[in-house]
Amino acid sequence: MSFFDLKRAPEVVRLRLYECCAGGAVIMPAGGKVFASIQHTWAILLGNSILWFGTGMLFVLVVVRAREAGFSTQTIGFMQSGYQLGWLLAAVLIPFLIRHVGHIRVFASGAALGSAVILSHLLYINEYAWIIERLIMGICTAGLMVTTESWLNDMTENNERGRTLAIYTIISWGMPV
């Protein structure tokens, strides 16, 4: 019986035992279970993968563009620190906003404001403006992440939550690379 042959596998058996290369035992899930956990959340996960891919590209592009504009290394460091400071501020601000206005409004406003900030990098080639823009972008990015995680928590059942958040984590850590 192959690993993905679910028709002949009993419904009760969810895990199979496989031999590891070192001779130990590894427990692996039966095929198809991972795909069942993302059946209802694939649109959010796909959108999130595009978001993180763009964020990773933007992180590099801003540094290269700042260097071309003649910003000092110290200023570029402050810009990137502003992004991380935005993440810290979002940890306090975003849960408050989600409780008061809801997931959809926080996500939509974060995406809209983040898009406007990205475009404003083209309008204002000023190191102080870019530090503030990176701070705002950090708040928006963290807000989108917290909102997505909260959405996934609300959408998935308790027995599927671990798999769904594992797939989300793989996407959010893997796409910027």
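Residue positions are given per chain, counted from 1 along the sequence in the order it is written. Where totals are concerned, whole chains, interfaces and linings use all residues; where local detail is concerned, this predicted model gives features only for residues with pLDDT of at least 70, and gives and counts side-chain atom pairs only at 80 or more. With hydrogens and water excluded, all non-hydrogen atoms of the structure serve as input to the side-chain values.

*Asks:* Tell me about the packing of aromatic side chains, residues and numbers included.
*Replies:* Aromatic pairs are defined between Phe, Tyr and Trp rings, using the six-membered ring for Trp, whenever the two ring centres lie within 6.5 Å; interplanar angles under 30 degrees are classed as stacked, those over 60 as edge-to-face, and all others as tilted. Across all of its chains, the model carries five aromatic pairs by this definition. Arranged with centres 6.4 Å apart and planes meeting at 35°, the rings of Trp52 and Trp87 form a pair that is tilted. Here the residue Trp52 occupies a position in helix H2 (residues 42-68), and Trp87 occupies one in helix H3 (residues 73-101), the gap between them amounting to 35 residues. Note on exposure labels: buried denotes an accessible area under 20% of the residue type's maximum, exposed denotes more than 50%, and partly exposed covers the range between, all computed with a 1.4 Å probe on protein chains only. Residue Trp52 is classed as buried on the basis of its relative accessible area of 6%. The class for Trp87 is partly exposed, based on a relative accessible area of 26%. Strands are runs of DSSP state E lasting at least 2 residues, helices are runs of H or I lasting at least 4, and numbering of each runs from the N terminus.

*Asks:* An account of the side chain of Thr147 is requested, with residue identities and associated values reported.
*Replies:* Considering the arrangement of structural elements, one finds Thr147 in helix H5 (residues 127-155). Classification of Thr147 by relative accessible area gives buried; the value is 0%. In what follows, a contact means two residues having at least one pair of non-hydrogen atoms within 4.5 Å. When sequence neighbours within four positions are dropped, the list of residues in contact with Thr147 reads Ile94, Ile98, His103, Val106 and Phe107.

*Asks:* Help me get a handle on the pattern of salt bridges, residues and values and all.
*Replies:* Salt bridge, as used here, is a side-chain nitrogen of Lys or Arg placed within 4 Å of a carboxyl oxygen of Asp or Glu. Taken as a whole, this structure holds one salt bridge when the rule is applied. A salt bridge links Arg163 to Glu160, with the shortest nitrogen-to-oxygen separation between them at 3.8 Å. For Glu160, a relative accessible area of 14% translates into the label buried.

*Asks:* Please set out the packing of H5 against helix H6 (residues 161-174) residue by residue, giving values where relevant.
*Replies:* What counts as an axis is a line fitted to C-alpha atoms, over the stretch in contact for a helix, and the angles between N-to-C directions run from 0 to 180 degrees. Orientation of H5 relative to H6, taken along the N-to-C sense of each, is 155°, at an axis distance of 10 Å. Considered as vectors, H5 and H6 are oriented roughly antiparallel to each other. Helix-helix and strand crossings are classified by hand; for H5 and H6 the assignment is right-handed. Contacts between H5 and H6 involve Met145, Thr148, Glu149, Leu152 and Asn153 from the first element and Arg161, Thr164, Leu165, Tyr168 and Ser172 from the second. Looking at the contact of H5 with H6 residue by residue, the class counts come to four nonpolar, four polar and two charged. We call two directions roughly parallel when the angle between them is under 35 degrees, roughly antiparallel when it is over 145, roughly perpendicular when it lies between 65 and 115, and oblique otherwise. Crossing handedness: left-handed means the near helix sits turned counterclockwise from the far one by under a right angle, and right-handed means the same turn made clockwise. We call Asp, Glu, Lys and Arg charged. Ala, Val, Leu, Ile, Met, Phe, Trp, Tyr, Cys and Pro are nonpolar, and the rest, Gly among them, are polar.

*Asks:* Summarise the nonpolar core; cite the residues concerned and give the values.
*Replies:* Here, the term nonpolar core denotes a set of buried Ala, Val, Leu, Ile, Met, Phe, Trp, Tyr and Cys residues that are joined through side-chain atoms within 4.5 Å. Core analysis: the biggest nonpolar cluster contains ten residues, these being Leu58, Val62, Ala66, Phe71, Ile76, Met79, Tyr83, Val117, Trp130 and Met137. Every element with two or more residues in this core is listed here: H2, H3 and H5. Setting aside chain neighbours within four positions, we find Trp130 in contact with Val62, Arg65, Ala66, Phe71, Met79, His121, Tyr124 and Ile125. Counting residues in each nonpolar core, the second largest holds eight residues, with Ile44, Leu45, Trp52 and Ile167 among its members.

*Asks:* Lay out H5 in plain terms, naming residues and giving numbers.
*Replies:* In a regular helix each residue adds 1.5 Å, so 29 residues correspond to 42 Å; H5 covers 41 Å between its end C-alpha atoms and thus fits that length. Sitting at the head of H5, Asn126 places a side-chain oxygen 3.0 Å from the backbone nitrogen of Tyr128. Here a helix's expected span is defined as the number of its residues, less one, multiplied by 1.5 Å. N or O atoms closer than or at 3.5 Å make up a polar contact, with two conditions inside protein: a donor-capable atom paired with an acceptor-capable one, and, for residues adjacent in sequence, both atoms drawn from side chains.

*Asks:* So what's going on with the environment of Ile44? Which residues, and what values?
*Replies:* Turning to its location among the elements, Ile44 is positioned in helix H2. When the C-alpha atoms of Ile44 and Thr148 are compared, they prove to be 7.4 Å apart, with 104 residues separating the residues in sequence. With residues near it in sequence (within four places) discarded, Ile44 still touches Thr148, Trp151, Leu152 and Met155.

*Asks:* Give me the side chain of Thr55: which residues, what numbers.
*Replies:* Along the polypeptide, Thr55 turns up in helix H2. In terms of polar contacts, Thr55 uses its side chain to reach the backbone carbonyl oxygen of Leu51, at 2.8 Å. Sequence-distant contacts of Thr55, that is, excluding residues within four places in its chain, are made with Tyr83 and Thr141.

*Asks:* Give a description of the confidence of the model for the protein that names residues and reports values.
*Replies:* The predicted structure's coordinates, where accompanied by low pLDDT, should not be read in detail. The predicted model of the protein averages 80 in pLDDT, with 78% of residues at 70 or higher. For every residue, the predictor states its confidence as a pLDDT score lying anywhere from 0 to 100. The secondary structure element of the protein with the lowest average pLDDT is strand S1 (residues 15-19), at 35, and the one with the highest is H3, at 94. For residues 1-30, every residue scores under 50 in pLDDT, and the model assigns this stretch 32 contacts once sequence neighbours within four places are set aside.

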